[in-house]
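Residue-level listing of the chains:
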Amino acid sequence: MSTKHPSYNGRMMKALRLEPVDQTPIWLMRQAGRYMAEYRAVRSATNFLDLCRNPDLCAEVMLTAVERLGVDAAIIFSDLLPILQAMGMDLEFAAGEGPVIHNAIQDTSQVDILQELEDAQALDFVYQTVQKTRAGLNENIPVIGFSGAPFTLASYAVEGGASRDYARTKYIMYTDAGAWSALMSRLSRAITLYLTEQIKAGAQIVQLFDSWVGCLGVSDYENFVLSYVQQIIHNLKTSFPETPVIYFATGNPMLLPSISRCGGDCIGVDWRIEINTAWDIIGHHLSIQGNMDPLVLLTKPEIIRHHVSRILHQTAGRPGHIFNLGHGINKNTPVENVIALVKMVHEMTECPLSKNNL
């Protein structure tokens, strides 16, 4: 019989299980980032990929963020793309350009540039980051491990970086079923292995980021993507039934009916749909995460409070809501606004009766 981690009874994990909580839990994507002076100080002494490969520094910047902000979960400090580097992609974070893959897949004949992830320990620095973050964190706060989802990682591998239209990715997807299946299957196996090792290292929750899947229509998502996401989550839930899986996809709310069938415990949504509408679509048997526009945090406390109040009014105190942004914190965000947001969510949802019964 497995012994449950103390965070199992914390508000984040309870919300994921649709149980009553004393306050709505909140954590934020990119909560350790350039908007924080402490992060900028660490980042100034190293490049981004070297930082990601330094578990001590990765744990330090996240633990600092959790303590300063007062959030209810710590997502490991890492990036979506080191897994592609471990699969043979030539990755660089170019100054002012973001990630660049120099040996991107140009056509269907080059799919094997992306190699099988034969050795999960090639990403051992990520698992060490999980361990060190877990070791330095209050035991009631869960650690969130994560990976990019197959479509988003495939798009990076094919496009070589950011894209406006994902033309090469869609060309392979539409014209060569065998190449697309090989690419997505290889990524699905790698992601499953990667997240398995993060859970073993001490992550209580894992999140799949499908940051680019919103470029697809519903039928394309159903035909070319959904089954791979389902496979990953099924395999993870089979091995780790008590580890919640969050699936976060951005850009196209029309995908939500399909996304609701991915097998995840929680669906993250962005600001392009009202959160009560999104919850009605995915079903109240699932928890929901979101969904304030991160650019609201560039404004004033009274405006932030208005948006927080609107979202909380829509969720109506129903168990299962995790407050988050609809994307990562913008680098120009005043840190005091982020601290204020966390306090607002906690203060506006505090429930003394529930608190006494926890």
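Residues numbered from 1 in each chain as written. Predicted model: local features only at pLDDT ≥ 70, side-chain atom pairs only at ≥ 80, totals over all residues. Heavy atoms only, no water.

Visitor: Any chance you could explain the overall build of the protein here in plain terms?
Guide: Counting its regular elements, the protein contains 16 helices and 9 strands. Taking 2.2 N^0.38 as the reference for a compact globule, 358 residues should give roughly 21 Å; the C-alpha atoms of the protein span a radius of gyration of 19 Å, in line with that estimate. Taken over the C-alpha atoms alone, the protein extends approximately 60 × 50 × 45 Å along its principal axes. The buried share among the 358 residues of the protein stands at 57%. Sequence separation of 24 or more characterises 73% of the internal contacts of the protein that already satisfy a separation of 6 or more. In the form shown here, the protein has an accessible surface area of approximately 14600 Å², with 49% of it arising from carbon and sulfur atoms. If you average the places of the 28 positive and of the 36 negative side-chain charges in the protein, the two averages end up 5 Å apart. (Helix = DSSP H or I, 4+ residues; strand = E, 2+ residues; numbered from the N terminus. Rg over C-alpha atoms; globule rule 2.2 N^0.38 Å. Buried < 20%, exposed > 50% of the residue type's maximum accessible area, 1.4 Å probe, protein only. Contact = heavy atoms within 4.5 Å. Areas by Shrake-Rupley, 256 points an atom, 1.4 Å probe, with all protein chains shown as cover. Lys, Arg positive; Asp, Glu negative; His and termini not counted. Charge placed at Lys NZ, Arg CZ, Asp CG, Glu CD.)

Visitor: Help me out: how do you make sense of the side chain of E197 in this one?
Guide: With respect to the secondary-structure elements, E197 resides in helix α9 (residues 177–201). Setting aside residues no more than four positions away along its own chain, E197 makes contact with A120, Q121 and Y127.

Visitor: Looking at this structure, I do not really get the sheet that holds strand β4 (residues 143–148). What am I missing?
Guide: The strands that make up a sheet pair up through hydrogen bonds in the backbone, lying either parallel or antiparallel. Across the sheet, 7 strands lie side by side as β1-β4-β5-β6-β7-β8-β9; this open sheet has parallel pairing. In this open sheet, the two edge strands, each paired with only one partner strand, are β1 (74–75) and β9 (321–325). As paired elements, β4 and strand β5 (residues 205–210) share 5 bridges and run parallel to each other. Along β5, the bridge assignment pairs G145 with V206. (Pairing = 2+ DSSP bridges.)

Visitor: Would you mind going over the nonpolar core with me for this structure?
Guide: Side chains of nonpolar character tend, in soluble globular proteins, to be buried together. Among the nonpolar cores identified, the biggest contains 131 residues, and L84, W180, Y247, M292 and L341 are the most heavily contacted of them. Sort the elements by how many residues they give to this core and α9 lands first, with 11 residues. With sequence-adjacent residues up to four places away left out, M292 is seen in contact with W271, L297, I304, H307, V308, I311, F323, N324, L325, G326 and L341. (Core = buried A, V, L, I, M, F, W, Y, C linked by side-chain atoms within 4.5 Å.)

These values are about where atoms sit, not about what they do.
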